[in-house]
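# Structure at a glance
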Amino acid sequence: SAFGITDVRIENVSGNLTDHFDPKARVIRLSDSVYNSRSVAAAGVAAHECGHAMQYAEGYGPIKLRNAIIPVCQIGSTLSTPMIILGFIFSWQPIVDIGILFFALATLFQLVTLPVEFNASRRALATLTSAGILSDNEKNSAKKVLSAAAMTYVAALAVSLVQLLRLILIFGGGRRRD
């Protein structure tokens, strides 16, 4: 019942890096390596997922925005490459441009995800500290783990931005170079 959240269960899920909060089922699912561990890293990951549950409970704006754009971004992610390829093969620039736009939507999703993930990690550290679960030494270790995890989102966004720029430079503009 921490933070007024009483209807969220915690379950074990198979696999590695499969930890997540499912807002529809109201379940925090923790991978074997987190669920069955008492390590500082596992505590950090579990608390991070609890941070997502807190975001939903309070109606945190960025997570609402992320959820609102998920369907469009999933379509964009799925269709962007086939549309670019088909548009290029058939020399039909509008299809290429739509494919690039779809890729941009998927990149936008990654951008909107950043504040959600950083906020969940901040909440995790605050909770672990205020509840006295981690010592000062352990808090620093948990902070490093959570920061490293957050940097994977930053790296993914950077790769997507570079790829988007590359697509625009190669296929954008509607003109073919001879």
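Residues numbered from 1 in each chain as written. Predicted model: local features only at pLDDT ≥ 70, side-chain atom pairs only at ≥ 80, totals over all residues. Heavy atoms only, no water.

### Observations regarding the packing of helix 2 (residues 40-58) against helix 4 (residues 93-130)
At a minimum axis separation of 7 Å, helix 2 and helix 4 run at an interaxial angle of 110°. In this view, helix 2 runs roughly perpendicular relative to helix 4, as classed from their interaxial angle. The element helix 2 and its partner helix 4 pack so that their crossing is right-handed. Residues A43, G44, A47, H48, G51, H52, M54, Q55 and E58 of helix 2 lie in contact with helix 4, whose contacting residues are V116, E117, N119, A120, S121, R123, A124, T127 and L128. The residue inventory of the contact of helix 2 with helix 4, partitioned by class, reads 7 nonpolar, 8 polar and 3 charged. (Axes fitted to C-alpha atoms, helices over the stretch in contact; angles between N-to-C directions. Helix = DSSP H or I, 4+ residues; strand = E, 2+ residues; numbered from the N terminus. Parallel < 35°, antiparallel > 145°, perpendicular 65-115°, else oblique. Left-handed = near helix turned anticlockwise from the far one by under 90°. Contact = heavy atoms within 4.5 Å. Nonpolar A, V, L, I, M, F, W, Y, C, P; charged D, E, K, R; others polar.)

### Here we look at the environment of T127
With respect to the helices and strands, T127 occurs in helix 4. Along the backbone, T127 and G51 are 76 residues apart, and their C-alpha atoms lie at a distance of 8.6 Å. Polar side-chain contacts of T127 include one of 2.8 Å to the backbone oxygen of R123. (Polar contact = N/O pair within 3.5 Å; in protein donor to acceptor, adjacent residues only side chain to side chain.)

### Quick word on the packing of helix 3 (residues 61-89) against helix 4
Viewed as axis vectors pointing N to C, helix 3 and helix 4 meet at an angle of 150°, and their least axial separation amounts to 6 Å. When the interaxial angle is binned, helix 3 and helix 4 end up roughly antiparallel. For the pair helix 3 and helix 4, the crossing hand works out as left-handed. A class-by-class count of the residues in the contact of helix 3 with helix 4 yields 24 nonpolar, 6 polar and 2 charged.

Geometric descriptors of this kind do not, in isolation, establish any biological role.
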